[in-house]
Amino acid sequence: MSICGLDFGTSNSTIGILQDKQPTMVPLEQDPSGEWQTTLPSALFFDFEDDQINFGRHAIARYTAGEQGRLLRSMKSLLGGSFMNDKTQVKNRFYTFDEIIGFFVSSLKTQAEKYNKPDSASLESVVMGRPVYFNDTDTALDQAAEEHLANIARLAGFKHVSFQFEPIAAALDYEQQVSKEELALIIDIGGGTSDFTLIKLSPARQNQSDRQNDLLANHGVHLGGTNFDQRLSVNCVMPEFGMNMPLTDKPGLHMPGHYYFDLATWHKIHLLYDRAVLLELQNFRPIVSDKAKLDNLLQLLKSRKGHQLASLVEASKIELSTEAESLVDLSSLFSDSREDAMKNCTISQAQLQLSLQRDIDKIFNTLQETLTQAGVSHKNIDTVFTTGGSTALPMVKACIDAAFPNAKQIVGDLYNSVGSGLLMEAQLRYR
Ligand SMILES: Nc1ncnc2c1ncn2[C@@H]1O[C@H](COP(=O)(O)OP(=O)(O)OP(=O)(O)O)[C@@H](O)[C@H]1O
Ligand SMILES: [Mg+2]
């Protein structure tokens, strides 16, 4: 039986297999420098010219190059939400979001099978990762999200599908380097969720399939890097497109904020490309205080550059991990005369900090709740193991340093730790 661990992430996905019995993270795509990467950005591009579906970096590149088509990112955020059962139009067909996620999961499976050619067996059994909460307020929707994902995996051809919590998978990965018993806190802050596990690890416990007695707490919150992008965009970039501008005929009223919140939210951007929405926005033109800003917004939407704008904001957030300031090159989104009308916008580290503070506080409150649930003080924790792209944020690192001054800190592989732990779990479950 051929087994794998599959981490379907909000921003990046990985798949781990056994190759010649050795645990291996599958190289999924070459980056622009030609180097093979084991991460595939969780993105699809439906190309309207050749009716092909592109995945990962390639999908984003096709969209950014201005090819006709539809880009989808952050699809995992739909699982557990109110849009989960919706259909979406791509060219002249309607797809359920399960079908779209299914294309992506199938492509990961196929890639892994191709890579594994010498063993030639198709992958039959998978342990998939799941966040502690797909939905942290509604248990029924949370359960439904897992059922959707299980269904998607079965439709992709997996015969045996089971789940493990993403931070527990990361714990199993970290446990490979543990030489004596320790109490470890696993912190996984990714694109969509922040997840925490408090667990006893030791070399002797590694091969036990039931770890319930070692698990002290498992907790999380539906907040991550895509929320940070949204906050930064709304606070620092959306005002350039007219957010908060007064309406001249209605004293005290402003442009409705929901258009801007959608434009700043990866999985909602496409809703604004709808003709009816464009018409609604056009109708505001006579009454807005700054017509040029509304024209910039309309032009951006007509040329379907919303995802590109979101990518620029995300890139600035990442740049601010190392630089004091970052330029969001808004004029690069406009190719015609509007290029001059669009002011560029610079974001400082202080603005990033201000924009993210509330979310970071919420994440660290949830972390404190994790310790409270277990009745454990920070002083009892031997090791803090971090994974997930958003733990690279200096603000996050500073909070961890302040909360656990005495614990040993281990920075894991930010992108592969969960996937390799899921493969380990698959080895235990399907042996
Ligand atoms: N240097 C950095 N500073 C801030 N954020 C970063 C940095 N590098 C990556 N990120 C963010 O990390 C996130 C992606 O992390 P990761 O790939 O771990 O998420 P994921 O596993 O896909 O999501 P999830 O597990 O929540 O479903 C993105 O939001 C990205 O912008
Ligand atoms: Mg993740």
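Thresholds applied
- Residues numbered from 1 in each chain as written.
- Chains lettered and ligands numbered in written order.
- Predicted model: local features only at pLDDT ≥ 70, side-chain atom pairs only at ≥ 80, totals over all residues.
- Heavy atoms only, no water.
- Helix = DSSP H or I, 4+ residues; strand = E, 2+ residues; numbered from the N terminus.
- Polar contact = N/O pair within 3.5 Å; in protein donor to acceptor, adjacent residues only side chain to side chain.
- Contact = heavy atoms within 4.5 Å.
- Core = buried A, V, L, I, M, F, W, Y, C linked by side-chain atoms within 4.5 Å.
- Buried < 20%, exposed > 50% of the residue type's maximum accessible area, 1.4 Å probe, protein only.
- Phe/Tyr/Trp six-rings, centres within 6.5 Å; stacked < 30°, edge-to-face > 60°.
- Pairing = 2+ DSSP bridges.
- Axes fitted to C-alpha atoms, helices over the stretch in contact; angles between N-to-C directions.
- Domains from an automatic or database assignment.
- Buried area = accessible area lost by both parts, 1.4 Å probe.
- Salt bridge = Lys/Arg side-chain N within 4 Å of Asp/Glu carboxyl O.
- Nonpolar A, V, L, I, M, F, W, Y, C, P; charged D, E, K, R; others polar.
- Expected span 1.5 Å × (residues − 1).

**Examining the side chain of Thr38**
With respect to the helices and strands, the residue Thr38 is situated in the loop between strand S5 (36-37) and strand S6 (40-41). A polar atom in the side chain of Thr38 sits 2.7 Å from the side chain of Asn416. Apart from the residues within four sequence positions on either side, Thr38 is in contact with Ser13, Thr14, Met25, Val26, Pro27, Leu28 and Asn416.

**Examining the nonpolar core**
Within the largest apolar cluster, 73 residues are counted, with the highest numbers of intra-cluster contacts made by Val237, Phe241, Met255, Ile381 and Phe404. Top contributing element to this core by residue count: helix H11 (residues 349-374), with seven residues. Look past the residues within four positions of Met255 in its chain and what remains in contact with it is Gly242, Met245, Leu247, Tyr260, Leu281, Phe284, Val288 and Leu294. Judged by nonpolar contacts, the second largest core, of 37 residues, contains Cys4, Ile15, Ile152 and Phe158.

**Focus: the packing of aromatic side chains**
If you walk through the whole model with that rule in mind, you get seven aromatic pairs. Note on Phe55 and Phe104: the rings are 6.1 Å apart at their centroids and 55 degrees apart in plane angle, and the pair reads as tilted. Taken together, the positions of Phe55 in strand S8 (residues 53-55) and Phe104 in helix H2 (residues 97-115) put the pair 49 residues apart, joining distant regions of the chain. Relative accessible area serves as the criterion here: at 0%, Phe104 is assigned to the buried category.

**Points about the sheet that holds strand S7 (residues 43-47)**
Spatial strand order, S8-S7-S9: three strands in an open sheet with antiparallel pairing. Taken across any chain shown, the strands that pair with only one partner, and hence form the sheet edges, are S8 and strand S9 (69-73). Shown here is a sheet whose adjacent strand axes are inclined to one another by a mean of 20 degrees, direction ignored. Examined bridge by bridge, S7 and S9 share five bridges and lie antiparallel to one another. When the sheet's bridge partners are listed, Phe45 is paired in S9 with Leu71. Along the sheet, helix H1 (residues 56-64) contacts S7, S8 and S9; its crossing angle with S7, the most-contacted strand, is approximately 50 degrees.

**Regarding the domain arrangement of the protein chain**
Considered domain by domain, the protein chain is made up of domain 1 (3-166 + 420-429), domain 2 (181-222 + 360-414) and domain 3 (226-354). Using only C-alpha atoms to locate each centre, domain 1 and domain 2 end up separated by 25 Å. At the interface, 11 residues of domain 1 touch 13 residues of domain 2. For the pair domain 1 and domain 2, the two sides together bury roughly 990 Å², of which 51% comes from carbon and sulfur. In terms of surface lost to domain 2, no three residues of domain 1 exceed Val132, Tyr133 and Leu428, which account for 45% of the buried area on that side. Taken together, domain 1 and domain 2 are joined by zero salt bridges. Put simply, domain 1 and domain 2 have four residue pairs in polar contact (both at pLDDT 80 or more) between them. Residue classes in the side of domain 1 that touches domain 2 are distributed as six nonpolar, three polar and two charged.

**Some thoughts on helix H13 (residues 417-429)**
Between its first and last C-alpha atoms H13 spans 18 Å; for 13 residues at 1.5 Å apiece the expected length is 18 Å, and the two agree. The element H13 is largely enclosed, with a buried count of 11 among its 13 residues. What H13 keeps buried is the set Ser417, Val418, Gly419, Ser420, Gly421, Leu422, Leu423, Met424, Glu425, Ala426 and Leu428.

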